[in-house]
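Tertiary structure, described
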Amino acid sequence: MTVHLEVADGVGTLRLDRPPMNALDTATQDRLKELAEQATARTDVRAVVLYGGEKVFAAGADIKEMRAMDHAAMVLRARALQDSFTAVARVPKPVVAAVTGYALGGGCELALCADYRIAADDARLGQPEILLGLIPGAGGTQRLSRLIGPSKAKDLIFTGRQVKADEALALGLVDRVVPAAEVYEQAHAWAARLARGPAIALRAAKEAVDTGLETDLDTGLAVERNWFAGLFATEDRERGMRSFVEEGPGKAKFT
């Protein structure tokens, strides 16, 4: 299998495993969607790490496979390509990308599906599809512009240039840069911390933010309002408030 889901201590690691560069062929895309849906459904998975291994996150699509596809074939495939990445973006739990080495093309688009991105200090990210006479097709034109703004996204998409970790951090493309040897450890620690948090409230927070980015302010406020009120029916809310009153802030243990 080219993607694995490994679960420990509430954290599910979605690990790409297609050496040497984790090229995202159609089989890998389909497997990614399958395991993202498993991570969504499994109650023992409370947070997720996206990881490609110590050397590379994912260097992009399988160009040899794509070259053999004509227009008719890609019309049939393009939706499945997007759906595989959307399945990751819609995991209703905290998701962090641990970016090592290259995250280019589809690899960069996969990292964009995470809620938070931790990159190695030697990582390189970019959307080089324009150099093939193409545009990003797995969400890059949409998620990248929402994350870093349209003009910065257009610069990366129009030029196809790669950015080093320090520039990616300045652009807001990644959220933290750490030594390469610490990327997975720190990503797992981020996920493990949230895995101990209130699962329904985290789900509500993620849905409220993501929905709000895709709609008008009034609709976003309505989503927030409904989730906020709904959380008053949860055991975690009762546990959190009781702990705050009796023990002080930040000491609640959620189940």
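Just above sits the structure.
Small disclaimer: the values here were computed from a predicted structure and weren't measured. (Residues numbered from 1 in each chain as written. Predicted model: local features only at pLDDT ≥ 70, side-chain atom pairs only at ≥ 80, totals over all residues. Heavy atoms only, no water.)

On to the pairing of strand β2 (residues 11–16), then. Burial runs high along β2: five of the six residues are buried. Linkage of strand β1 (residues 3–8) to β2, two consecutive antiparallel strands, is achieved through a turn of two residues, within which D9 is found at a positive phi near 55 degrees. The parallel pair β2 and strand β3 (residues 47–51), bridged by helix α1 (residues 26–41), forms a crossover whose chirality is right-handed. (Buried < 20%, exposed > 50% of the residue type's maximum accessible area, 1.4 Å probe, protein only. Helix = DSSP H or I, 4+ residues; strand = E, 2+ residues; numbered from the N terminus. Pairing = 2+ DSSP bridges. Right-handed = clockwise from strand over helix to strand, strands pointing away.)

Attention now goes to helix α3 (residues 71–89). Between its terminal C-alpha atoms α3 stretches 27 Å, which fits the 27 Å expected from 19 residues at 1.5 Å a residue. Of all the bends in α3, the greatest measures close to 35 degrees and is centred on R77. Those residues of α3 that fall on the buried side of the exposure criterion are R77, L81, S84, F85, T86, A87, V88 and A89. As for α3, its buried residues are in contact with α1, β3, β4 (95–99), α4 (106–112), α5 (140–148) and α9 (199–213). (Expected span 1.5 Å × (residues − 1). Bend = angle between axes of the 7 residues up to and from the residue. Contact = heavy atoms within 4.5 Å.)

Turning to a negative patch on the surface, a few remarks are in order. On the surface, D121, D122, E182 and E185 cluster together into a patch of negative charge. Among the secondary structure elements, E182 is positioned in the loop between β9 (176–178) and α8 (183–195). For E182, a relative accessible area of 32% corresponds to the partly exposed category. (Patch = residues over 30% accessible without salt bridge, like charges linked within 9 Å, V, L, I, M, F, W, Y side chains within 5 Å. Areas by Shrake-Rupley, 256 points an atom, 1.4 Å probe, with all protein chains shown as cover. Salt bridge = Lys/Arg side-chain N within 4 Å of Asp/Glu carboxyl O. Lys, Arg positive; Asp, Glu negative; His and termini not counted. Charge placed at Lys NZ, Arg CZ, Asp CG, Glu CD.)

Tallied over the full model, the rule gives three aromatic pairs. On the numbers, 4.6 Å between centres and 35 degrees between planes, the contact of Y51 with Y184 is tilted. Taken as a pair, Y51 in strand β3 and Y184 in helix α8 lie far apart in primary sequence, 133 residues in all. The exposure class assigned to Y51 is buried, which follows from its relative accessible area of 11%. Ring centres of Y116 and W190 lie 5.1 Å apart, and the angle between their planes is 5 degrees; on these two criteria the pair is classed as stacked. Of this pair, Y116 sits in strand β6 (residues 116–120) while W190 sits in helix α8, and the two are 74 residues apart along the sequence. (Phe/Tyr/Trp six-rings, centres within 6.5 Å; stacked < 30°, edge-to-face > 60°.)

Here we come to the packing of α5 against helix α6 (residues 150–159). At a minimum axis separation of 7 Å, α5 and α6 run at an interaxial angle of 135 degrees. The angle between the axes of α5 and α6 places the two elements in the oblique class. The handedness of the crossing between α5 and α6 comes out as right-handed. Of the residues in α6, those in contact with G140, T141, L144, S145 and I148 of α5 are P150, K152, A153, L156 and I157. Among the residues forming the contact of α5 with α6, the class breakdown is six nonpolar, three polar and one charged. (Axes fitted to C-alpha atoms, helices over the stretch in contact; angles between N-to-C directions. Parallel < 35°, antiparallel > 145°, perpendicular 65-115°, else oblique. Left-handed = near helix turned anticlockwise from the far one by under 90°. Nonpolar A, V, L, I, M, F, W, Y, C, P; charged D, E, K, R; others polar.)

Here the focus is the sheet that holds strand β7 (residues 124–126). With respect to topology, three strands assemble into an open sheet ordered β5-β7-β8, the strand pairing being mixed. Strand pairing shows two members of the sheet lacking a second neighbour, β5 (102–104) and β8 (162–164), which therefore form its edges. Ignoring which end each strand starts from, the neighbouring axes of this sheet average 20 degrees apart. As judged from the three bridges shared by β5 and β7, these two strands associate in the parallel manner. Its bridge partner being in β7, Y102 is matched across the sheet by R124.

Turning our attention to the environment of A205. Among the secondary structure elements, A205 is positioned in helix α9. Along the backbone, A205 and P94 are 111 residues apart, and their C-alpha atoms lie at a distance of 9.8 Å.

What follows concerns the sheet that holds β4. Ordered in space as β1-β2-β3-β4-β6-β9, the six strands form an open sheet in which the pairing is mixed. Lying at the two open borders of the sheet, with one neighbouring strand each, are β1 and β9. With strand direction ignored, the average angle separating the axes of adjacent strands in the sheet is 20 degrees. Here four bridges tie β3 to β4, and the two strands are oriented parallel to one another. Within β4, the position partnered with V48 by the bridge is V95.

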